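A look at the structure
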Amino acid sequence: MIQYDKNIKAVMDFLESENYSASVVSQHRICYREFRRYLSENSLTYSKDIGDGWINSHKILWNYRTTTGYSHCLDQLADVYCSGKVSPDHIGSHKAPYSMLEGRLKKELDEYLLFSLSSGDTDLVSTQRRICCARFMLYLQDKGINSLTDVDYPAVLSFHNDDYHSSRKSKDVYEDEIRALLRYYAGRGKCSIGLSLVLNKLLIHQVITNGDFLMDKDELSLGADALEWEQILVFLDMLKTTGYAGTVLKCSKHLLTLMYIFFDMHRLQFCTVAAWLWFDRVKSLLQTNWKQARRSLSQFLIFRETGTIITATTGDPNAKTGIDLLPEWCRIQLEAFLNLLSREGRADSTINMYRSSIVRFCRYLDSIGIDSFDKVTADTLSSFNLQDRHTTAEGKCAYNCRIRSFLIYLAEEKVINNWYLYKALPSLSAPKTRIVETLDDNEVQMIWDRQDNDASPIYIRDYAIVCLGLGMGMRSSDIVNLRFGDIDWNKQSIHFIQQKTGKAVVLPFPNHVGNAIYRYLKKARPQSTSAYIFISHRMPYGKLDRNVCRKALQRVLPERGESGGGFHVTRRTFATNLLRNNTKVSLISDSLGHRTDTTVLKYLSLDEERMRLCPLSLRDTGITMEGGVFNA
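Because the structure is a prediction, the values reported are computed rather than measured. (Residues numbered from 1 in each chain as written. Predicted model: local features only at pLDDT ≥ 70, side-chain atom pairs only at ≥ 80, totals over all residues. Heavy atoms only, no water.)

So, about the pattern of salt bridges. Counted under the stated rule, the structure contains 17 salt bridges. The closest approach of N and O atoms between Asp 462 and Arg 461, which form a salt bridge, is 3.4 Å. With respect to burial, Asp 462 and Arg 461 carry one shared label: buried. The partner of Arg 555 in a salt bridge is Asp 462, with the nearest N and O atoms 2.4 Å apart. Of this pair, Arg 555 sits in helix H22 (residues 547–556) while Asp 462 sits in helix H19 (residues 457–472), and the two are 93 residues apart along the sequence. Residue Arg 555 is classed as partly exposed on the basis of its relative accessible area, which comes to 38%. A network of salt bridges, in which partner residues are shared, links Asp 121, Arg 129 and Glu 177. (Salt bridge = Lys/Arg side-chain N within 4 Å of Asp/Glu carboxyl O. Buried < 20%, exposed > 50% of the residue type's maximum accessible area, 1.4 Å probe, protein only. Helix = DSSP H or I, 4+ residues; strand = E, 2+ residues; numbered from the N terminus.)

One way to put it is that helix H14 (residues 328–343) packs onto helix H17 (residues 393–412) with a least axis distance of 11 Å and a crossing angle of 100°. For the element pair H14 / H17, the angle class is roughly perpendicular. Note on element contacts: H17 touches H14 through Ser 405, Phe 406, Tyr 409 and Leu 410, opposite Gln 333, Leu 334, Ala 336, Phe 337 and Leu 340. Partitioning the contact of H14 with H17 into residue classes produces seven nonpolar, two polar and no charged. (Axes fitted to C-alpha atoms, helices over the stretch in contact; angles between N-to-C directions. Parallel < 35°, antiparallel > 145°, perpendicular 65-115°, else oblique. Contact = heavy atoms within 4.5 Å. Nonpolar A, V, L, I, M, F, W, Y, C, P; charged D, E, K, R; others polar.)

Right, let's talk about helix H11 (residues 247–265) for a bit. Here H11 is 19 residues long and its end C-alpha atoms lie 27 Å apart, about the 27 Å a rise of 1.5 Å per residue gives. For H11, the tally of buried residues reaches 14 of 19 residues, placing the bulk of the element in the interior. (Expected span 1.5 Å × (residues − 1).)

On to the sheet that holds strand S1 (residues 487–488), then. Here three strands make up an open sheet; going across it, the order is S1-S2-S3 and the pairing antiparallel. The outermost strands of the open sheet, each flanked by one partner alone, are S1 and strand S3 (504–508). Here S1 runs beside strand S2 (residues 493–497); their pairing, made up of two bridges, is antiparallel. Counted as the bridge partner of Ile 487 is Ile 494 from S2. (Pairing = 2+ DSSP bridges.)

With that settled, the discussion passes to the side chain of Thr 570. You can see Thr 570 is positioned in helix H23 (residues 568–580). Taking relative accessible area as the criterion, Thr 570 reaches 0% and is therefore assigned buried.

Before going further, it helps to spend a moment on unusual backbone geometry. Notably, Arg 267 is not glycine yet its phi reads approximately 55°, a positive angle. Along the polypeptide, Arg 267 turns up in the loop between H11 and helix H12 (272–282). You can call Arg 267 exposed: its relative accessible area is 80%. At Lys 414, a position not held by glycine, the phi torsion is positive, near 60°.

How two helices sit against one another is set out by the angle between their axes and by the gap between those axes. Between helix H18 (residues 441–449) and H19, whose axes approach to 10 Å, the crossing angle comes to 135°. Accordingly, the angle class assigned to the pair H18 and H19 is oblique. Crossing hand, H18 versus H19: left-handed. On H19, the residues touching Val 444, Ile 447 and Trp 448 of H18 are Tyr 463, Val 466, Cys 467, Leu 470 and Gly 471. The residue makeup of the contact of H18 with H19, split by class, is seven nonpolar, one polar and no charged. (Left-handed = near helix turned anticlockwise from the far one by under 90°.)

Okay, the environment of Arg 304 next. Checked against the element boundaries, Arg 304 lands in helix H13 (residues 290–306). Beyond its immediate chain neighbours, meaning those up to four positions away, Arg 304 contacts Asp 225, Ala 226, Leu 227, Gln 231 and Phe 270. Separated by 2.6 Å, the side chains of Arg 304 and Gln 231 make a polar contact. (Polar contact = N/O pair within 3.5 Å; in protein donor to acceptor, adjacent residues only side chain to side chain.)

Each α-helix turn comprises 3.6 residues. Residues three or four places apart therefore point the same way. Given a rise of 1.5 Å per residue, 14 residues ought to cover 20 Å, and the 20 Å separating the end C-alpha atoms of helix H10 (residues 229–242) matches this to within 8%. Among the residues of H10, Trp 229, Ile 232, Phe 235, Leu 236 and Leu 239 are the ones counted as buried. The buried residues of H10 occupy an angular sector of 115° when projected down its axis, which confines them to one face. For H10, exposure combined with an orientation more than 90 degrees from the buried face picks out Glu 230, Asp 237 and Thr 241. Buried positions along H10 lie against helix H9 (193–198), H11 and H13. At the C-terminal side of H10, Gly 243 shows a positive phi close to 125°. (Arc of directions from axis to C-beta.)

The structure is reproduced here in structure tokens:
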């Protein structure tokens, strides 16, 4: 290898003396190092035939740039072995790529460079653009493409793979300038805007180049039309106007750009079915971002139909749910029953609970071979109940109650003949008595003392939420539904309709609670047109979920952890403190919005001071005061 190393040094010295670029020198160095390793591992001595064999055996693994570059490197090495110097035939052209351009390609580049200079670019910037863009256009010229109007996606993709650079940063700089060139001519209608989008290292590896999976789908012609890039830009602007920012906007633009490139590349008409079929192919390439991408696609499809942004939409609207997978004989009856519940004005959450319960029951019937409701017997219901697993008895009872209602409906519709079949399915569970847990005096005092004016906006919001629960006994569902019109600052009161009971409640708010709300509205609440007082602090600024109240308590009292039944502990503490302050039971019930006074009774056991005033005599209860085993 001594002679090999000497000849390599001769070639490298020649490159340095002739002022070859750093990228050319780097390619020679890498080539000679890899070829030396190949010779050593195979115990071979250099020869030109061995070099040619190495190139041919690795051609399938290398791109165009690497293959031609390494071949040129070994030709120069062979010259040194033969004559001691690099042959003029293998010196290579020292001409700049721009000087080698001809015809329309050169004219198109000159037009673009003139435009960049007229737009205020300096000579230095224009020179860099000429170098970068000339490299791309010379590649097209070598491929037989004579104008940018003839450029297609395969040419751009192959350029990305073949174009060699000594560093990733250098390749990024070149491709940025080339994208600007393609955008310029796309704006003049000479090429597709998609060509300027695809030449991006963040996108190009996720482009679906094979569209054969859409070719045999007859339903794709229904409602199909062209996908316009301008429509995607309008959608992204509306997302931003709605309040979305950061990751959501980036993910949406990334996904929709990929989708536009796919349909533009294959010249396909766009429709909802084709979009979801494409998404199934690209989903695995999106990795952990696929859920947000699915949401963005769903929002875009609805935007195309309605022209509006639906912030609550998630998932694939065409995806089959549990009810869609049921056999027709039971699905028809279940859909009719759910429609009846909807006409009766049942809440969506209630209908969803019925759907979940009955779908589970119907799946069981199908699994044991039953194909009609009139074949269901008491033994069938008994066996279903035995195998139906739930984490709690209350959960099992809740499901059974919904299934019983469905069986009664089937009897009324004369689908089944046994009016009493529903009685074979139990719907009761043993009652439980739980110890009422409240915040202790230290925790309550810690909350009232934590009024940090320099706290973060989210903490100020959380503190106001906790104050409403602890100072007024409001449920989390009522707090997150508070609107500006519910607060009467002049009368220092809050009036609202309880979500749980539907009862109208008017409550005065203490000064410290009012101050906490006012401080949130003045210092912490984001600028938003939302009618709700408490909103999300991340765009879009929308209504909060009631689970935020539990997290708010955890942030205000981090020492407490997860114990105590969540945010509802503030309501129990409020009621208990009223009892301890000699408040009448009827007034406590009104403050809590209860329909009867009996619900307050469970808090009486926590009034330890007055409980000690009414003990029972051991003698009256028949309990002896003498100790020992014989008096037990």
